[in-house]
Amino acid sequence: MAFSTDPAGSSGPESPARLQDAEHEANQLVQIRLNKTAALRARGVDPFGRRFERTNTARQIIQEYPASEQEQVKIAGRLMSQRVHGKASFADLRDSSGRIQVYARVDDLGTDAYQDFVDLDVGDIVGVTGRVFKSRRGEITVAATEVLLLTKSLRPLPEKWHGLRDVDLRYRQRYLDLLVNPEVRETFEKRSAIITAVRAFLNQRGFCEVETPVLQTLAGGGHARPFTTHHNALDMDLYLRIALELFHKRLIIGGFDKVYEIGRVFRNEGISTKHNPEFTMLELYQAFADYTDMMELVESMFSTVARQVLGTMVLNYQGKVIDLTPPWARMTMMEALDKYSGLGWDSLPDDDTSRRVAGSLGIDVSDKPTAGMVLDRIWSDLVEPHLVGPVFITDYPVEISPLAKRHDDNPKLTYRFEAFINGFEACNAFSELNDPLDQRQRFVEQTREKAKGNDEAHVFDDDYVLALEYGMPPTGGLGVGIDRLVMLLTNTASLRDVILFPVLRPK
RNA sequence: GGGCCAUUAGCUCAAUGGUAGAGCUUCCGACUCUUAAUCGGGAGGUUACAGGUUCGAGUCCUGUAUGGCCUACCA
């Protein structure tokens with residue numbers, strides 16, 4: 001094997017002595033590789049090489065066969081396994097496109113280069129020059145004429161056919177998870193494709209992608225506890241955003257017709273298979289539209305993205321078949337409540353009555369002081385589990401929708417909907433409240449809620465009301481949890497399967 | 001926050017309260033078409049951590065750490 005020469009000689013920054021510190025010293029497997037690395041340096045070979053110009057990826061070569069037969073190729077990737085047969089060897093090379101077999105013979109490489117090839121370790125990153133052929137067993141293979149070590153790997157990879165199972169290690173060392181569990185890579189490639197498809201869909205509809213502040217003096221636009229941080233120069237506390245909403249509507253006031261943002265939001269709450277403290281939210285706002293336009297947009301966007309990424313609008317999610325083909329079913333919140341719990345709007349007129357009614361249904365509401373919170377509990381216990389196929393639930397009560405426009409026919413309700421898929425909320429949308437007087441009053445009510453013990457009630461945002469006073473056109477707005485959309489489209493049960501580096505306690 | 005479970009070699013996993021084992025990896029040797037290559041021979045352990053019970057603890061008890069599942073929270 002021809003190695004690139006090391007211009008720095010053997011006095012590189014990571015001399016064996018330095019790497020032997022700490023727990024390196026204890027591990028025999030690492031020590032052997034450190035010794036090999038030192039031996040390479042002693043021969044003037046750089047174990048951490050330079051750029052390598054590839055002509056093909058593994059997948060290209062295999063897809064183009066038999067046209068690629070006998071073709072000279074240069075490929076690069078990580079050595080994933082080695083089968084040494086005396087004076088001839090096979091190895092598997094993995095690059096981002098897939099896996100391809102490499103064949104090395106002493107006759108082709110010469111004695112020294114062949115020995116260097118045999119001395120490689122699983123995990124090493126190499127560049128291979130060779131000729132494409134099909135082995136006797138029928139596998140498309142590159143017969144190496146030159147092998148260049150590009151990066152020496154000092155640690156053994158996880159076991160080759162069980163992969164990495166320990167979930168703790170999978171999240172803490174996601175790079176290993178990605179290397180040895182191919183389906184994990186596929187999930188994250190799909191995530192990227194989904195987000196690309198969402199952007200393309202919105203751009204095509206004339207939406208303008210915007211960026212709004214992550215650091216905010218008030219964490220508004222949602223019901224959640226924020227993370228707090230501090231700005232030193234201004235000597236003031238700032239909050240990480242919990243939603244995108246209020247800044248987007250300021251943009252609509254400023255004359256934008258259609259805006260969207262796909263951004264990280266932060267909520268200082270529990271961690272579970274459906275919750276991560278930071279997650280990705282899509283929000284969009286469209287002037288001169290209302291929530292019915294948002295319904296059409298959601299149906300169209302979800303089904304289009306599914307068709308583009310998966311090739312079908314019919315999903316199989318955790319054993320359930322879910323058909324995203326528009327139009328989706330529609331039901332008011334009261335219709336759904338009546339259908340699945342037998343309760344009507346009149347059953348929950350005030351805080352005390354609501355708590356009594358819930359108690360009689362056997363639902364624990366000891367920590368639910370208000371009628372709105374009781375309704376939510378009944379809703380998630382009795383109704384949500386039934387909402388499997390995509391369904392728009394409309395007309396939410398005004399108390400729990402402080403930024404949504406009031407219903408013309410019933411001032412207790414709003415022009416709001418959530419889409420439910422497989423029992424959980426896939427999006428939240430409404431005709432935006434653009435009456436600054438009503439908005440001010442809603443904030444006042446939220447402040448009262450807060451006083452009653454709901455520490456996730458909205459904060460009063462005077463500056464936002466000021467903006468509304470200049471006039472916001474009638475507007476439809478929508479929020480979508482991107483991570484949950486990805487879960488749905490990749491058939492994964494845990495949010496941690498769609499977030500590359502989920503929050504973990506330090507070990 | 002509560003309950004249950006898990007933690008043993010680099011990785012995947014075994015081990016009635018009685019000498020800590022296997023496969024993969026790794027090392028040495030053989031082998032010029034293998035693909036979980038094969039064959040022979042080695043090395044590799046503070047059984048997560050700290051205590052306790054016991055003649056004797058990977059195993060039983062207590063606590064701690066990390067993770068998983070359920071539950072709660074997240075309207």
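Everything numeric here is computed off the predicted structure, so don't read it as measured data.

Criteria and cut-off values
Residues numbered from 1 in each chain as written. Chains lettered and ligands numbered in written order. Predicted model: local features only at pLDDT ≥ 70, side-chain atom pairs only at ≥ 80, totals over all residues. Heavy atoms only, no water. Helix = DSSP H or I, 4+ residues; strand = E, 2+ residues; numbered from the N terminus. Rg over C-alpha atoms; globule rule 2.2 N^0.38 Å. Buried < 20%, exposed > 50% of the residue type's maximum accessible area, 1.4 Å probe, protein only. Contact = heavy atoms within 4.5 Å. Areas by Shrake-Rupley, 256 points an atom, 1.4 Å probe, with all protein chains shown as cover. Lys, Arg positive; Asp, Glu negative; His and termini not counted. Charge placed at Lys NZ, Arg CZ, Asp CG, Glu CD. Near = heavy atom within 4 Å. Polar contact = N/O pair within 3.5 Å; in protein donor to acceptor, adjacent residues only side chain to side chain. Domains from an automatic or database assignment. Salt bridge = Lys/Arg side-chain N within 4 Å of Asp/Glu carboxyl O.

Before we go on, may I ask you to explain the overall build of chain A in this structure?
In terms of regular secondary structure, chain A is built from 16 helices and 18 strands. For a compact globule of 507 residues, the expected C-alpha radius of gyration is about 23 Å, and chain A comes in at 29 Å, more than 25% above that figure. If you line up chain A on its principal axes, its C-alpha atoms span 90 × 55 × 50 Å. Scored against the burial criterion, the 507 residues of chain A give a buried share of 49%. For chain A, restricting intrachain contacts to residue pairs at least 6 apart in sequence, the fraction spanning at least 24 positions comes to 64%. Here chain A displays about 24,200 Å² of accessible surface, and carbon together with sulfur accounts for 51% of that area. Charged side chains of chain A number 61 positive and 73 negative; the gap between the two group centres comes to 7 Å.

So what exactly am I meant to see when it comes to the protein's contact with RNA strand B here?
Residues in close proximity to RNA strand B total 53 residues, the closest being Trp161, His223, His275, Asp376 and Arg377. Contacts to RNA strand B include His85, whose side-chain N or O atom sits 3.3 Å from a sugar or linking oxygen. Separating a base nitrogen of RNA strand B from a side-chain N or O atom of Gln101 is a distance of 2.8 Å. Elements with a minimum of two residues in the surface near RNA strand B: helix 2 (28-42), strand 1 (72-85), strand 2 (88-95), strand 3 (98-105), helix 4 (106-109), helix 6 (167-172) and helix 13 (371-383). Per-element accounting of the surface near RNA strand B gives the leading share, five residues, to helix 6.

How do you make sense of the environment of Arg442 when you look at a structure like this?
Residue position: Arg442 is located in helix 14 (residues 436-451). For the pair Arg442 and Pro402, spaced 40 residues apart in sequence, the C-alpha separation works out to 5.6 Å. Those residues in contact with Arg442 that lie beyond four places of it in its chain are Val398, Ser401, Pro402, Leu403, Ala404, Lys405, Arg406, Thr414 and Leu433. Polar side-chain contacts of Arg442 include one of 3.0 Å to the backbone oxygen of Ser401.

Please clarify how the domain arrangement of chain A should be interpreted in this entry.
Quoted interface sizes are often the accessible area lost when the parts come together. Here chain A is described as being made up of domain 1 (58-151) and domain 2 (182-328 + 389-497). The C-alpha-based centres of domain 1 and domain 2 are spaced at 49 Å.

I would appreciate a short explanation of the pattern of salt bridges in the present structure.
In total, this model carries 33 salt bridges according to the counting rule given. One salt bridge in this structure joins Arg83 and Asp92, with 3.2 Å as the shortest N-O distance. Using a relative accessible area of 32% as the deciding quantity, one classes Arg83 as partly exposed. Note that Lys152 is salt-bridged to Asp124, the shortest N-O span being 2.7 Å. On the criterion of sequence distance, the pair formed by Lys152 in the loop between strand 5 (140-151) and helix 6 and Asp124 in the loop between helix 5 (111-119) and strand 4 (125-134) is long-range, its members being 28 residues apart. The pair Lys152 / Asp124 is uniform in exposure class, with both members buried. One continuous salt-bridge network, built from bridges that share partners, spans Arg33, Lys36, Asp121, Asp124 and Lys152.

Please clarify how unusual backbone geometry should be interpreted in this entry.
In terms of backbone geometry, most residues other than glycine have negative phi values and most peptide bonds are trans. Omega for the bond connecting Tyr65 with Pro66 falls within 30 degrees of zero, at 5°, which places this linkage in the cis form. With an omega of -5°, the peptide bond between Pro326 and Pro327 qualifies as cis. Position of Pro327 relative to the elements: it lies in the loop between strand 13 (320-323) and strand 14 (329-332). Although it is not a glycine, Phe288 sits at a positive phi angle of roughly 65°.

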